[in-house]
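Given next are the chains, with one letter for each unit.
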2 protein chains.
Amino acid sequence: MSGAVFSELDRCFRYGDGLFETILFVDQEPVLFDEHILRLIRGVQRLALDYVVDPANLLKRCRLARNTATELASAQRHVVRVQLSRGEGGRGYTPPDPPSIVREVITCHAIPLIPDVIKVRLLDTRLMISRLLCGIKHCSRLEQVLAASELLTGNKNGSACCWEGLMHDELGFLIEGTRSNIIIETKGRLLTPLLDRSGLRSTLLDSLNASNAGSEAVKSVRMRLDVDGELQVLDQVLNDEWLPADRLPPTAWEACPIDGLALCNSVMGVRPVSELAEIKLPNGRLITNFAAELNARCGYA
Amino acid sequence: MSGAVFSELDRCFRYGDGLFETILFVDQEPVLFDEHILRLIRGVQRLALDYVVDPANLLKRCRLARNTATELASAQRHVVRVQLSRGEGGRGYTPPDPPSIVREVITCHAIPLIPDVIKVRLLDTRLMISRLLCGIKHCSRLEQVLAASELLTGNKNGSACCWEGLMHDELGFLIEGTRSNIIIETKGRLLTPLLDRSGLRSTLLDSLNASNAGSEAVKSVRMRLDVDGELQVLDQVLNDEWLPADRLPPTAWEACPIDGLALCNSVMGVRPVSELAEIKLPNGRLITNFAAELNARCGYA
């Protein structure tokens, strides 16, 4: 811990006016560092922060922060959390002019516990529709907080809660987990939700865009997942129209079997899911191979 | 200023996980205090904060905070900002269990400058669609920050910027200003935008619900306002369907003249607007009378 302290004038404290990244380090080496840097740059541009992202310098500071986390001394893996706050002041919502000094807080943490067998359920909490805020890892994360709270409560039978919950957006499309992205295998294809107006872009999936194999392997589409496990996939390009799910022409939809489901994020890699809403899921061949390959390539295996 | 300090573990700092209210005090007496308390209670319930709202006690602490703001000693009016943070800790987004102690920060500030002649323009920044977050005054306010930044920049001719900007939501409906609510006079009616899936509920307009006169005076409907000043009002109840504006049956719409426009919030009361996007607006009789009456009743006159 850096032990940094802030006044109540700090804009992250007042308005969630900042960004963060959580980066996995294995043997002091960052994983997917370029993708984290690119997402951070996108966020800095979107928020118009007065901050120049200097990857080499940031990496140095991430490594320095490790030295203060003595409890992690023997850990082979740890995560580094980098948070940027716009700094202090400004009249109300308006950012200060000239800009304040952007505050950078770097802390080190143990790897979160990830079970070997992952069970998920669908959450009632809906993700906001916001082309302004989607994609970037900003600090206005109240809906993830409320989704995580919902995830903590057990199901109606009082049985154990799940490790992760899947969320739809306000228009009814499947988007992501509270802290992970989703990959679904169906009919010989790997699909991920389109994240152009809701959700957080995955550094892990972004890393696939660099390779042709990757961009062909996983296709982003709009999809809906019902509680009974029925999957509806819409492959047609919507041209960014605000077409609610239940008003789509019926021919645009197809009900698909779920042949496999996986979660991914930059800390845990790709993890197959064994149960959705207490229903056992098949171990799809495609998604199993994909997980193995990607985990090996990125150092999660 | 209270001079309070926080660690980087504070959940408002990390995730915008808290609430605030900005309350006007006139001669040490709060204005619309009940409505602020009610909105705070709604927020505490929505976020499931471990905090009991005690109005008498909170008022006492607001008055005590005034004593430390020596620069306001001779001011007849000031504002008190009350912020609640969920406190420290928790694993990632998940709130700590058992809950941390909710942090309460109370600060006093001078009344913001409000020009006599108010000009507004339409902003490009769209408000999120989120039934989860709309209505409550939470601390995840990044879209207001970005809207306020857009407001600061002059128009394409480089002329002076406006005091306030009006915002539509992601579905194209008119919602609110960056820090005020909207009232429009058209064809003998006073209308305010429906705020059931976007925007912040106004304490000032909420105060009208207590009186029959009020609830009849201002009707909440979905409406759209084009840059050329054309107003479209949809009076039909939509039954909370996600029906995009441009897919509405044409008969549901009527183009209306804007006979008057006003902004309101709990610090400035109701203020008529003189220009929208550099077009002079009429001083509607209804809205002028309404502003005078409400300002007198609530102590803004």
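Residues numbered from 1 in each chain as written. Chains lettered and ligands numbered in written order. Predicted model: local features only at pLDDT ≥ 70, side-chain atom pairs only at ≥ 80, totals over all residues. Heavy atoms only, no water.

## Observations concerning helix H3 (residues 55-68) of chain B
Since there are 3.6 residues in each turn of an α-helix, residues three or four apart along the chain are aligned in direction.
Residue and element names in this part refer to chain B.
Working step 1: For H3, which comprises 14 residues, the first-to-last C-alpha distance of 21 Å matches the rise-based estimate of 20 Å (1.5 Å per residue) to within 8%.
Working step 2: Inspection of H3 places Leu58, Leu59, Cys62, Ala65 and Arg66 among the buried residues, and these make up the whole buried set. Viewed end-on, H3 has its buried residues packed into an arc of 115°, placing them on one side of the element. Exposed residues pointing more than 90 degrees away from the buried face of H3 are listed as Ala56, Lys60, Leu64, Asn67 and Thr68. (Helix = DSSP H or I, 4+ residues; strand = E, 2+ residues; numbered from the N terminus. Expected span 1.5 Å × (residues − 1). Buried < 20%, exposed > 50% of the residue type's maximum accessible area, 1.4 Å probe, protein only. Arc of directions from axis to C-beta.)

## Things to note about the relation of the copies chain A and chain B
Working step 1: Least-squares fitting of chain A to chain B yields an RMSD of 0.0 Å, with the superposition described by an axial translation of 0.0 Å and a rotation of 180°. Viewed as a symmetry operation, the transformation between the two copies matches a two-fold axis.
Working step 2: Most of the interface of chain A is mirrored in chain B, where 100% of its interface residues are also at the interface. (Least-squares fit on C-alpha atoms with pLDDT ≥ 70 in both. Contact = heavy atoms within 4.5 Å.)

## Quick look at the packing of aromatic side chains
Working step 1: This model, assessed by the stated rule, comprises 6 aromatic pairs over all chains.
Working step 2: Pairwise contacts between aromatic rings join Tyr15 and Tyr93 of chain A together with Phe20 of chain B into one cluster.
Working step 3: The ring of Trp163 of chain B carries Arg179 of chain B above its face, with NZ or CZ at 4.2 Å from the centroid. (Phe/Tyr/Trp six-rings, centres within 6.5 Å; stacked < 30°, edge-to-face > 60°. Lys NZ or Arg CZ within 6 Å of the ring centre and 35° of its normal.)

## Concerning the environment of Ala69 of chain B
All names here are of chain B.
Working step 1: Mapped onto the secondary structure, Ala69 falls in the loop between H3 and strand S4 (77-85).
Working step 2: Among the residues examined, Ala69 registers a relative accessible area of 1% and is labelled buried.
Working step 3: Each C-alpha atom, one on Ala69 and one on His109, is 7.8 Å from the other, the two residues being 40 residues apart in sequence.

## Topic: the interface of chain A and chain B
Working step 1: Each partner contributes residues to the interface: chain A has 60 residues there, and chain B has 60 residues.
Working step 2: Carbon and sulfur atoms supply 63% of the area buried between chain A and chain B, which totals about 5,100 Å² over both sides.
Working step 3: On the surface where chain A and chain B come into contact, there are 2 salt bridges.
Working step 4: Taking the shortest distance from any N to any O, the salt bridge between Arg131 of chain A and Glu170 of chain B comes out at 2.6 Å. (Buried area = accessible area lost by both parts, 1.4 Å probe. Salt bridge = Lys/Arg side-chain N within 4 Å of Asp/Glu carboxyl O.)

## Focus on helix H2 (residues 33-47) of chain B
Working step 1: With 15 residues, H2 of chain B ought to run about 21 Å at 1.5 Å a step, and its terminal C-alpha atoms sit 21 Å apart, in line with that.
Working step 2: Those residues of H2 of chain B that fall on the buried side of the exposure criterion are Phe33, Glu35, His36, Ile37, Arg39, Leu40, Gly43, Val44 and Leu47 of chain B.
Working step 3: Buried residues belonging to H2 of chain B abut helix H4 (142-152) of chain A together with strand S2 (18-26), strand S3 (29-30), H3, S4 and helix H5 (203-206) of chain B.
Working step 4: Positive backbone phi, approximately 55°, marks Ala48 of chain B, located one or two places after H2 of chain B.

## What to know about the sheet that holds strand S2 (residues 18-26) of chain A
Residues and elements named next belong to chain A.
Working step 1: Reading across the sheet, the 4 strands line up as S3-S2-S4-S5 and stay open at both edges, with antiparallel pairing between neighbours. At either end of the open sheet lies a strand with only one pairing partner, and these are strand S3 (29-30) and strand S5 (103-109).
Working step 2: Each of S2, S3, strand S4 (77-85) and S5 touches helix H3 (residues 55-68); the most contacted strand, S5, lies at about 50° to it. (Pairing = 2+ DSSP bridges. Axes fitted to C-alpha atoms, helices over the stretch in contact; angles between N-to-C directions.)

## A closer look at the confidence of the model for chain A
Working step 1: The predicted model of chain A has a mean per-residue pLDDT of 87, with 87% of residues at 70 or higher.
Working step 2: When the criterion is pLDDT under 50, residues 237-245 of chain A qualifies, and its contacts beyond four places in sequence or with other chains add up to 25 contacts. (pLDDT = per-residue confidence, 0-100.)

## Here's the deal with the pattern of salt bridges
Residues and elements named next belong to chain B.
Working step 1: Counted according to the given criterion, the structure contains 23 salt bridges over all chains.
Working step 2: Arg42 serves as the salt-bridge partner of Asp206, at 4.0 Å between the closest nitrogen and oxygen. Of the two residues, Asp206 is situated in helix H5 and Arg42 in helix H2; the sequence distance between them amounts to 164 residues.
Working step 3: Linking Arg179 and Glu164 is a salt bridge whose minimum nitrogen-to-oxygen distance equals 3.9 Å. Of this pair, Arg179 sits in the loop between strand S8 (174-177) and strand S9 (181-186) while Glu164 is found in strand S7 (residues 164-168), placing the two residues 15 residues apart along the sequence.

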